[in-house]
Amino acid sequence: MAEFNLNDLEKIASKQEIIDFLVEHNIIKEKKFLNQLKYEKEIEVLKERMLEIQSKIIEQEKRVLIIFEGRDAAGKGGAISKTVEYMNPKKYRVVALPKPTEEESGQWYFQRYLKQLPNKGEIVFFDRSWYNRAVVEPVFGFCTEDQHQLFMKQVNKVEKLLQEDGIILIKIFLNISKEEQAVRLQERRDNPLKRWKLGLLDQKAQELWDSYTHYIDTMLEQTAKARSWDVITTDDKKEAQIETIKTIIHYIEKKLS
């Protein structure tokens, strides 16, 4: 790395000169830096726009439900975190329900999720949702075929009722290639700081890829009657986060008066 001193730094008078200086001294790679800078600028604007959108939702007392589904390691948590970063925490909730209790297992399947629906002026994010019964549960045999088919029969009707009652419903599916998923899962295994993300089901994601694909394709095709899915590929995490927030903003804006 080339040497430089304080006098060099004092000569710098613009952002472009800073970039040129850092590239010249092999501190950064220009293309990588510029791509990162572009991402930071764009997502900053989008996060600020989400705060504006939230303010309108509060003012107009709208109710918004955003369902996030996707393959393992597709980046649901990261996309949600970026979306809510500047939002008023008192007026949004991220719901990630654990395995149902024995009591909940004896209830109507949708019951525990319906308890989490948004109140007026509130946005609720489902980090996985009732669509567990469309994909994860049948893949792992956690439900019977009859239970799966009953869910598929009821879900469009349930979502239509929610929309008829005024809830703004958004459904986002984050997809990922098999190759990129393998890379991310291995990274979780190797990195002690990320190992907590690797659940027992995640470890089977590659082995059961084809089974997942079958149920995902069926879900996307058959459960789009009340509200279609927005499918976003996440092999590039940054592009996916930007596309996710844009999708949410675009749909909500159409629904606000």
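Here, the structure is the one placed above.
A description of the overall build of the chain should follow, citing residues and the corresponding values.
When helices and strands are tallied, the chain shows 11 helices and 5 strands. Relative to its 257 residues, the chain shows a buried fraction of 40%. Residue pairs in contact within the chain that sit at least 24 positions apart in sequence constitute 77% of those at least 6 positions apart. Accessible surface, the chain: about 14,800 Å² in total, of which carbon and sulfur atoms supply 50%.

Give a description of the nonpolar core that names residues and reports values.
Grouped together as the largest cluster of nonpolar side chains are 31 residues, with contacts concentrated most on Ile66, Phe68, Ile123, Phe125, Ile172, Ile248 and Ile252. Of all elements in the fold, only α3 (30-60), β1 (63-70), α4 (76-84), β3 (122-127), β4 (167-175) and α11 (237-255) reach the threshold of two or more residues within this core. Here the element with the most residues in this core is α11; it accounts for 7 residues. Excluding residues within four positions of it along the chain, Ile66 makes contact with Ile123, Val124, Phe125, Phe126, Ile170, Ile172 and Ile248. Core analysis: the next-biggest nonpolar cluster, separate from the first, contains 28 residues, Tyr109, Leu169, Phe173 and Tyr212 among them.

Explain the side chain of Glu159 to me, using residue names and the numbers behind them.
By the secondary structure assignment, Glu159 is in helix α8 (residues 145-164). Residue classification places Glu159 among the buried positions, given a relative accessible area of 0%.

How would you sum up the sheet that holds β3? Please name residues and give values.
With parallel pairing, 5 strands are arranged side by side in an open sheet as β2-β3-β1-β4-β5. Each end of this open sheet is capped by a strand with a single partner; those strands are β2 (92-95) and β5 (229-233). Taken pair by pair, the neighbouring strands of this sheet meet at an average axis angle of 20°, ignoring direction. Judged from the 5 bridges that link them, β4 and β5 form a sheet pairing that is parallel. For Phe173, the partnering residue across the bridge sits in β5 and is Val231. On top of the sheet, α8 reaches β1 and β4; it is set at about 135° to β4, its chief contact.

Could you give an account of unusual backbone geometry, with specific residues and numbers?
What you tend to see is this: most non-glycine residues have negative phi, and most peptide bonds are trans. Even without a glycine there, the phi angle at Ala73 is positive, about 70°. Structurally, Ala73 is set in the loop between β1 and α4. Non-glycine residue Arg128 carries a positive phi angle of around 75°.

How would you sum up the pairing of β3? Please name residues and give values.
Here β3 lies mainly inside the structure; 5 of its 6 residues are buried. When β1 meets β3, the two strands line up parallel, connected through 6 bridges. Note that in β3 the partner of Ile67 across the bridge is Phe126.

Please provide a residue-by-residue account of a negative patch on the surface, values included.
A contiguous patch of negative charge, built from Glu179, Asp235, Asp236 and Glu239, is present on the exposed surface. Locating Glu179 in the fold gives a position in helix α9 (residues 178-190). The exposure class assigned to Glu179 is exposed, which follows from its relative accessible area of 58%.

Rules used in this analysis
- Residues numbered from 1 in each chain as written.
- Predicted model: local features only at pLDDT ≥ 70, side-chain atom pairs only at ≥ 80, totals over all residues.
- Heavy atoms only, no water.
- Helix = DSSP H or I, 4+ residues; strand = E, 2+ residues; numbered from the N terminus.
- Buried < 20%, exposed > 50% of the residue type's maximum accessible area, 1.4 Å probe, protein only.
- Contact = heavy atoms within 4.5 Å.
- Areas by Shrake-Rupley, 256 points an atom, 1.4 Å probe, with all protein chains shown as cover.
- Core = buried A, V, L, I, M, F, W, Y, C linked by side-chain atoms within 4.5 Å.
- Pairing = 2+ DSSP bridges.
- Axes fitted to C-alpha atoms, helices over the stretch in contact; angles between N-to-C directions.
- Patch = residues over 30% accessible without salt bridge, like charges linked within 9 Å, V, L, I, M, F, W, Y side chains within 5 Å.
- Salt bridge = Lys/Arg side-chain N within 4 Å of Asp/Glu carboxyl O.
- Lys, Arg positive; Asp, Glu negative; His and termini not counted.
- Charge placed at Lys NZ, Arg CZ, Asp CG, Glu CD.

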